[in-house]
Amino acid sequence: MTEAILLVGGKGTRLRPLTVHTPKPMVRAAGVPFLTHQLARAKAAGVDHIVLATSYLAEVFEPYFGDGSSLGLHIEYVTEEEPLGTGGAIRNVASRLHSGPDDPVLVFNGDILTGLDIRRLVATHEATSADVSLHLTKVTDPRAYGLVPTDDTGKVLAFLEKPQTPEEIVTDQINAGAYVFRRSVIDTIPLGRPVSVERETFPDLLSAGAHLQGMVDSTYWLDLGTPAAFVRGSADLVLGRAPSPAVPGRCGDRLILPTATVAPDAKLTGGTVVGEGAFVAEGARVFGSTILPGAVIEPGAVITDSLIGTRARVGERSVLTGTVIGDGAIVGPDNELREGARVWCDARIPAGAVRFSSDQ
């Protein structure tokens, strides 16, 4: 395995306001842009050439990663003028691949945190002479996902999009968002128009008699599409539950990046990350949360399972649970924000303006 395509063009709508100024793969998880973890894991699996399929805020990727040499990779960038979907994006970058017609090409979705054994997926693909191989994982409630039933040998039988009735749920195996394509199969995807691999490419290949192989790997897997999931994924990376060679420090209860300042009596637990130049004041308590670079947590604030944006500020004694604070926003003292609250970038919440309890 030498080549991979990383699909990083999505707008990250479900993650807003985190993605107002930053594309989803560049939002920091465990101290570095999430994409860094994917690139590092691909490198560790033997990949040396990666093409990034970019679209939304495409201009921020190359200044950060350059040619990839700092990661031991050769990275190229292809920008979609119009969103092309997963299949269209794969086809759009095909001209940058160096592989021969029968060679394997790895494809990753840019918002999946996983412990997938990449080498095993490639080995399965080659051993079964598949046209496309898919990473499958098992979930308790598959209604939000595309189901992929297989036979006893792992050969894919069907693709069932987001079933709702009990009768439609014929398996707990879902498409986990990582694939190995035979290089020649990529060239069969229509060029220059939106294509979904899940709804068009894979079902069409199956109906044409192609061999699609599923490999179940039920190690760590998390779709980072929502703020709560993104915060949890970052914490799991810090705690060592999700594997990555790119975590900038030892795994443990907390990760404090260089130039961050944390008061001696502040309590940081649960995989909390404090980014560069951020400040956590005395008496603050932060559990399972991400404090992005330059943010300020004032004395006595209590923050749980939340993400505090770049240069944002949380006032004294404010209590945040399951909350996202956008870049540059200010939450004044003595506020209470609960699960699902999103404070937009540069917003201002006055002291004591939002509460769920008495002011006494």
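Structure: see above.
It should be emphasised that the depicted structure is a prediction, and the values quoted were computed from it without experimental measurement.

Undergrad: Please explain the sheet that holds strand β22 (residues 302-304) as it appears in this structure.
TA: Think of a sheet as strands paired side by side through backbone hydrogen bonds, with each pair either parallel or antiparallel. Read from one edge to the other, the open sheet built from five strands follows the order β16-β19-β22-β25-β28, with strand pairing classed as parallel. In this open sheet, the two edge strands, each paired with only one partner strand, are β16 (267-269) and β28 (336-337).

Undergrad: When you look at the pairing of strand β4 (residues 49-54) in this model, what are you seeing that I'm missing?
TA: For a regular strand, side chains alternate in direction, first toward one face of the sheet and then toward the other. Burial analysis of β4 places six of its six residues in the buried class, which makes it a mostly covered element. What you see with β4 is no split at all: H49, V51 and A53 on one side and I50, L52 and T54 on the other are buried throughout. The pairing of strand β1 (residues 3-7) with β4 spans five bridges and is parallel. Looking at β4, one finds that L6 is bridged to L52. In this structure, β4 lies alongside strand β5 (residues 74-79), joined through six bridges in parallel fashion. Residue I50 lies in a different strand from β5, and its bridge partner there is I75.

Undergrad: Just checking my understanding: could you explain the pattern of salt bridges for this structure?
TA: Opposite charge on two side chains permits them to pair, given that their charged atoms come into close proximity. On inspection of all chains with the given rule, the structure shows 15 salt bridges. Salt-bridge contacts for R183 lead to D187; the nearest nitrogen and oxygen are separated by 2.9 Å. We note a salt bridge from R355 to E336, for which the minimum N-O separation is 2.9 Å. Placement of the pair is R355 in the segment after β30 (348-349) and E336 in strand β28, with a sequence separation of 19 residues.

Undergrad: Help me understand the environment of M215, please; the structure alone is not making it clear to me.
TA: Looking at where M215 falls in the secondary structure, it is placed in strand β12 (residues 212-216). Looking at M215, the relative accessible area reads 3%, which means it is buried. Separated by 48 residues in the primary sequence, M215 and E167 place their C-alpha atoms 24 Å from one another.

Undergrad: Looking at this structure, how should I read the environment of L57?
TA: Position of L57 relative to the elements: it lies in the loop between β4 and α2 (61-65). C-alpha of L57 to C-alpha of P23: the two residues are 34 residues apart in sequence and 6.0 Å apart in space. Contact partners of L57, with chain neighbours within four places excluded, come to T19, V20, H21, T22 and P23.

Cut-offs used in this document
- Residues numbered from 1 in each chain as written.
- Predicted model: local features only at pLDDT ≥ 70, side-chain atom pairs only at ≥ 80, totals over all residues.
- Heavy atoms only, no water.
- Pairing = 2+ DSSP bridges.
- Helix = DSSP H or I, 4+ residues; strand = E, 2+ residues; numbered from the N terminus.
- Buried < 20%, exposed > 50% of the residue type's maximum accessible area, 1.4 Å probe, protein only.
- Salt bridge = Lys/Arg side-chain N within 4 Å of Asp/Glu carboxyl O.
- Contact = heavy atoms within 4.5 Å.

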